[in-house]
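What the coordinates show
Here is how the chains run, residue by residue.
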Amino acid sequence: MDPDLSDEDSVVDLSFQAESPLAPPAELLERLPSCDWLLQGGGQQIFFPPSEAPGRPQEPRCWSSFLEHRVPVVTEEVAREALLSFVNSKCCYGSAAAGDLIIQELKPQTLCRYRLETFSESRISEWTFQPFTSHSVDGPHRGTSPRLWDIKVQVPPMFQEDTRKFQVPHSSLVKARCPSCSGAKRRARQPRRCQLCSGSGRRRCSTCSGRGSKTCATCKGEKKLLHFIQLVIMWKNSLFEFVTEHQLDCPAELLAKAKGENLFKDENTMVYPIVDFPLREISLASQRGIAEHSAALGSRARVLQQRQTIELIPLTEVHYWYQGKTSVYYVYGTDHKVYVVDYPERYCCGCTII
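Keep in mind that what you see is a predicted model, and the values were worked out from it rather than measured. (Residues numbered from 1 in each chain as written. Predicted model: local features only at pLDDT ≥ 70, side-chain atom pairs only at ≥ 80, totals over all residues. Heavy atoms only, no water.)

Attention now goes to the overall build of the protein. From N to C terminus, the protein includes 7 helices and 9 strands. Burial status across the protein gives 42% buried among its 354 residues. Roughly 20000 Å² of accessible area belongs to the protein as shown, and the carbon and sulfur atoms make up 48% of that amount. (Helix = DSSP H or I, 4+ residues; strand = E, 2+ residues; numbered from the N terminus. Buried < 20%, exposed > 50% of the residue type's maximum accessible area, 1.4 Å probe, protein only. Areas by Shrake-Rupley, 256 points an atom, 1.4 Å probe, with all protein chains shown as cover.)

This part takes up the nonpolar core. L83, Y329, V331, V338 and Y343 are the most contacted members of the largest nonpolar core, which totals 20 residues. Mapped by element, the contributors of at least two residues to this core are α4 (76–88), α5 (96–100), β7 (302–322), β8 (325–332) and β9 (337–340). Of all the elements, α4 adds the most residues to this core, at 5 residues. Setting aside residues up to four positions removed in sequence, L83 forms contacts with A98, L101, Y329, V338, V340 and Y343. (Core = buried A, V, L, I, M, F, W, Y, C linked by side-chain atoms within 4.5 Å. Contact = heavy atoms within 4.5 Å.)

Two numbers describe a pair of aromatic rings. These are the distance of the centres and the angle of the planes. Inspection of the entire model under this criterion finds 6 aromatic pairs. With a centroid separation of 6.0 Å and an interplanar angle of 75°, the aromatic rings of F86 and Y93 are classed as edge-to-face. Of the two residues, F86 and Y93, both sit in the buried class. Taking 6.3 Å as the distance between ring centres and 65° as the angle between the ring planes, the aromatic pair formed by Y114 and F240 counts as edge-to-face. Residue Y114 is located in strand β2 (residues 102–131), and its partner F240 is located in strand β5 (residues 225–243); the two are separated by 126 residues in the primary sequence. The pair formed by Y114 and F240 is uniform in burial state, with each residue classed as buried. One Lys or Arg, R288, reaches over the ring of F242 and ends 5.7 Å from the middle of that ring. The residue whose ring lies beneath R307 is F159, and the NZ or CZ to ring-centre distance is 4.0 Å. (Phe/Tyr/Trp six-rings, centres within 6.5 Å; stacked < 30°, edge-to-face > 60°. Lys NZ or Arg CZ within 6 Å of the ring centre and 35° of its normal.)

Looking now at the environment of V328. Along the chain, the position of V328 falls in strand β8. Assessed through its relative accessible area of 19%, V328 is described here as buried. Placed 11 residues apart in sequence, V328 and E317 show a C-alpha to C-alpha distance of 6.7 Å. With residues up to four places along the chain from it excluded, the contact list for V328 reads E317, V318, H319, Y320 and D342.

Let's shift gears to the pattern of salt bridges. Applying the stated rule across the entire model yields 9 salt bridges. Where E117 meets R307, a salt bridge forms, and the shortest distance between an N and an O atom there is 2.9 Å. Linking E117 in strand β2 with R307 in strand β7, this pair joins segments that are 190 residues apart in sequence. Here E117 falls in the buried class, since its relative accessible area comes to 13%. A single salt-bridge network, built from bridges that share partners, covers R113, R115, E241 and E311. (Salt bridge = Lys/Arg side-chain N within 4 Å of Asp/Glu carboxyl O.)

By themselves these figures say nothing about function.
As structure tokens, then:
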């Protein structure tokens, strides 16, 4: 018999599930002098970042040099090659129609896509625990826990999301007995007949290896728990996108993902709205995007970097004639993607045309 146990201690049903004693008991919290700004009870708490003074507004821009840049025009040859490439990528489309159709008219249109990215950092503290393995305890006797925004960490590359967890210094507390097994480690007597051997004892239980008990899933058999404050840091890249309106029937969700030609890029700790762009809807989108990100992140996250871009997205409506019928398809993006509504040489149905 395990010398650490008595009969009273050992009677525990093998089917029990580990509890989640995230928060230490109140008597342990009393030993933590800084617990007034830490967590009470076991939930999570968001710590607001310190306020920062805004940077200086940017100087007015001259857009004439930007607008001189134009993406290459889609010619009839390019439009046909784009369609052939699209058809060849589809198992149920024939290439004969793409080679023989007669292109009647090309209607080009250049769209603008505005994109705002805001890379931010937020910090949350929470109680957690791990089995106590008799190592040294970094508790309040070693000093007062630092404020969570004062803890220095390595920031990931800008605009790359990540989540990391850190143990807050001097916040560790040891509970003398695991609440899930009452410090019994693993010994437990099964009150019901074993279903694997029907009580014969002739088949060894894979869970308890024939001991009639299993290791406590909470303390991993260590009997004690080490509670500590865990700092969870989340780096998030918030995205706002806007594409200028057009009168063609090419789906907006395709244009939002299309490759474009970069026209303008502005990156700083804080970017300011574009107010003088020739297309007023782009200026309004910039103002709206920055306002939305500021409202959503300003009070609960620290903005580390912002980036706003304007891209030109070429879109061409191709009118063609084939076997007595006229129809259209669209060539979009700098990589000449194709969107077809009713391709005339299709052998089966059910394909998603994108």
